[in-house]
Amino acid sequence: MSERTLRTAGHSVAVSKADKVLFPEDGFTKGDIAEYYREVGHTIVRYTRERPLAAERYPDGITGQRIFQKNVSEHAPDWIRRFSTPKKEGGVTVHAVCDEPATLVYLSDQACLTPHVWPSRVDALDFPDRLIFDLDPEGNDLETLRDAARSTRDLLDELSLPSFVMTTGSRGFHVLVPLRRHENFDEVRDFAGQVAAVLAEREPETLTVQQRKEERGNRVFVDYLRNAYGQTAVAPYAVRARPGAPVATPLGWDELPEVTPWEFTVRDIPARLREHGDPWSELGNRAHSLKRARNLLEHLRSA
């Protein structure tokens, strides 16, 4: 099988078995995925830089075994940054940290389709700078799912918090709030849980915080549980292991009415970024503390 060498940001990365097909229905190869990450890597690293990373790998393609790898390979190049995160049960996990596009290309060579990253950065592991709601639908009612995203945005507006929306490339949407890192994971998760509970109380027919699938019915699960130490979320612009090679794609809120969670693929994103830019480019400038929002939420719940 062929080997392809891709050069990016000062590094040359050899992609072995570049013609190995990872998406049988579409014909996308390992080389295609590596080339995608090389092309859009400068945008992706805005969202992976300084964060512990876990690699979702498919060495035999998307119909084969899924490997969720937290520890970076001992054989990874020296130029890939490592960071050891303490485990709650003791010991450490040695993560890769993706600070440059070449790391994404290397991960592609390892058949990593989807990088997942922590909601906190390595210089303050216990203090997340992202609050994430994962809106997980039970069925395929897209309008209910879109309404769930809008309801989440509207409640966050009431709490004077900015919100950003992203397709997951799978079945749902993520709604994200950038934070100033004034609160630790326990405080952020508690706040997120209260917000999710208000959403479910307001719209009990369509939204739920029930973790057990059999108790959700056809409602959208407002999953706030990613807001915890050691949890990860799909990186923006990451490829998903689904037919068509869909991509987790940041949106403008005005795009939501016309977009499905699997709308954009590796074929679309490079041109989309060239023509329209990144809708989340102001994310870092919109970070908030939760202090005022917590007071507003308490007032709202007691009203």
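Notes on the structure in this doc start here. (Residues numbered from 1 in each chain as written. Predicted model: local features only at pLDDT ≥ 70, side-chain atom pairs only at ≥ 80, totals over all residues. Heavy atoms only, no water.)

Right, let's talk about the sheet that holds strand 11 (residues 164–167) for a bit. Here we have six strands laid out as an open sheet, ordered 13-14-10-12-11-16, and mixed in their pairing. The open sheet terminates on both sides in strands that have one partner only, identified here as strand 13 (207–208) and strand 16 (250–251). As paired elements, strand 11 and strand 16 share two bridges and run antiparallel to each other. Across the sheet, Met166 pairs through a bridge with Pro250, a residue of strand 16. (Pairing = 2+ DSSP bridges. Helix = DSSP H or I, 4+ residues; strand = E, 2+ residues; numbered from the N terminus.)

Let us now look at the pairing of strand 7 (residues 81–86). As judged from the six bridges shared by strand 7 and strand 8 (residues 92–97), these two strands associate in the antiparallel manner. Each residue of the ladder has a partner; that of Ser84, found in strand 8, is Val94. Hairpin connection of strand 7 to strand 8: five residues between the antiparallel strands, including Gly90 at a positive phi of 105 degrees.

A word on the environment of Asp186. Looking at the secondary structure, you find Asp186 in helix 4 (residues 185–202). By relative accessible area, Asp186 is classed as exposed at 62%. (Buried < 20%, exposed > 50% of the residue type's maximum accessible area, 1.4 Å probe, protein only.)

Let us look at the pairing of strand 14 (residues 220–223). Burial along strand 14 is two-sided: Val220 and Val222 and Phe221 and Asp223, pointing in opposite directions, are all buried. Here three bridges tie strand 10 (residues 130–136) to strand 14, and the two strands are oriented antiparallel to one another. Across the sheet, the residue bridging to Leu135 is Val222, located in strand 14. One ladder, built from two bridges, connects strand 13 with strand 14; its direction is parallel. Paired with Thr208 across the bridge in strand 14 is Phe221.

Following the criterion strictly, the structure yields seven aromatic pairs and no others. Relative to Tyr229, the ring of Trp118 lies with its centre 5.0 Å away and its plane at 75 degrees, an arrangement referred to as edge-to-face. Of this pair, Trp118 sits in the loop between strand 9 (112–117) and strand 10 while Tyr229 is found in the loop between strand 14 and strand 15 (233–234), placing the two residues 111 residues apart along the sequence. For Trp118, a relative accessible area of 3% corresponds to the buried category. Through pairs of rings, three or more aromatic residues link up here, namely Tyr47, Phe164, Tyr237 and Trp280. The side chain of Arg153 reaches across the aromatic face of Trp253, ending 5.0 Å from its centre. Over the face of the ring belonging to Phe264 we find Arg272, whose NZ or CZ atom lies 4.4 Å from the ring centre. (Phe/Tyr/Trp six-rings, centres within 6.5 Å; stacked < 30°, edge-to-face > 60°. Lys NZ or Arg CZ within 6 Å of the ring centre and 35° of its normal.)

On to the packing of helix 3 (residues 142–158) against helix 4. Between helix 3 and helix 4, the shortest axis-to-axis distance is 11 Å and the interhelical angle comes to 120 degrees. Classified by the angle between their axes, helix 3 and helix 4 sit oblique to one another. Where helix 3 crosses over helix 4, the handedness of that crossing is right-handed. Along its contact with helix 3, which presents Ser151, Thr152, Leu155 and Glu158, the element helix 4 presents Val195, Val198, Leu199 and Arg202. Split into classes, the residues belonging to the contact of helix 3 with helix 4 amount to four nonpolar, two polar and two charged. (Axes fitted to C-alpha atoms, helices over the stretch in contact; angles between N-to-C directions. Parallel < 35°, antiparallel > 145°, perpendicular 65-115°, else oblique. Left-handed = near helix turned anticlockwise from the far one by under 90°. Contact = heavy atoms within 4.5 Å. Nonpolar A, V, L, I, M, F, W, Y, C, P; charged D, E, K, R; others polar.)

Here helix 5 (residues 269–276) has its buried residues at Ile269, Pro270, Arg272 and Leu273. Mapping the buried residues of helix 5 onto a view down its axis gives an arc of 165 degrees, with all of them on the same face. For helix 5, the exposed residues lying more than 90 degrees away from the buried face are Arg274 and Glu275. (Arc of directions from axis to C-beta.)

Let us look at a negative patch on the surface. On the surface, a cluster of negative charge is contributed by Asp126, Asp186, Glu187 and Asp190. Here Glu187 shows up in helix 4. A relative accessible area of 37% places Glu187 in the partly exposed class. (Patch = residues over 30% accessible without salt bridge, like charges linked within 9 Å, V, L, I, M, F, W, Y side chains within 5 Å. Areas by Shrake-Rupley, 256 points an atom, 1.4 Å probe, with all protein chains shown as cover. Salt bridge = Lys/Arg side-chain N within 4 Å of Asp/Glu carboxyl O. Lys, Arg positive; Asp, Glu negative; His and termini not counted. Charge placed at Lys NZ, Arg CZ, Asp CG, Glu CD.)

The subject of this paragraph is the environment of Arg216. Position of Arg216 relative to the elements: it lies in the loop between strand 13 and strand 14. Judged by its relative accessible area of 6%, Arg216 falls in the buried class. When the C-alpha atoms of Arg216 and Glu205 are compared, they prove to be 10.0 Å apart, with eleven residues separating the residues in sequence.

Take the side chain of Arg130 next. For Arg130, the location among the structural elements is in strand 10. The charged side chain of Arg130 is buried without a salt bridge, its nearest counter-charge being Asp129 at 4.3 Å. Of the polar contacts made by the side chain of Arg130, one reaches the backbone oxygen of Tyr47; its length is 3.0 Å. When neighbours within four sequence positions are excluded, Arg130 is seen to be in contact with Arg46, Tyr47, Arg51, Val117, Pro119, Leu176, Val177, Leu179 and Asn227. (Polar contact = N/O pair within 3.5 Å; in protein donor to acceptor, adjacent residues only side chain to side chain.)

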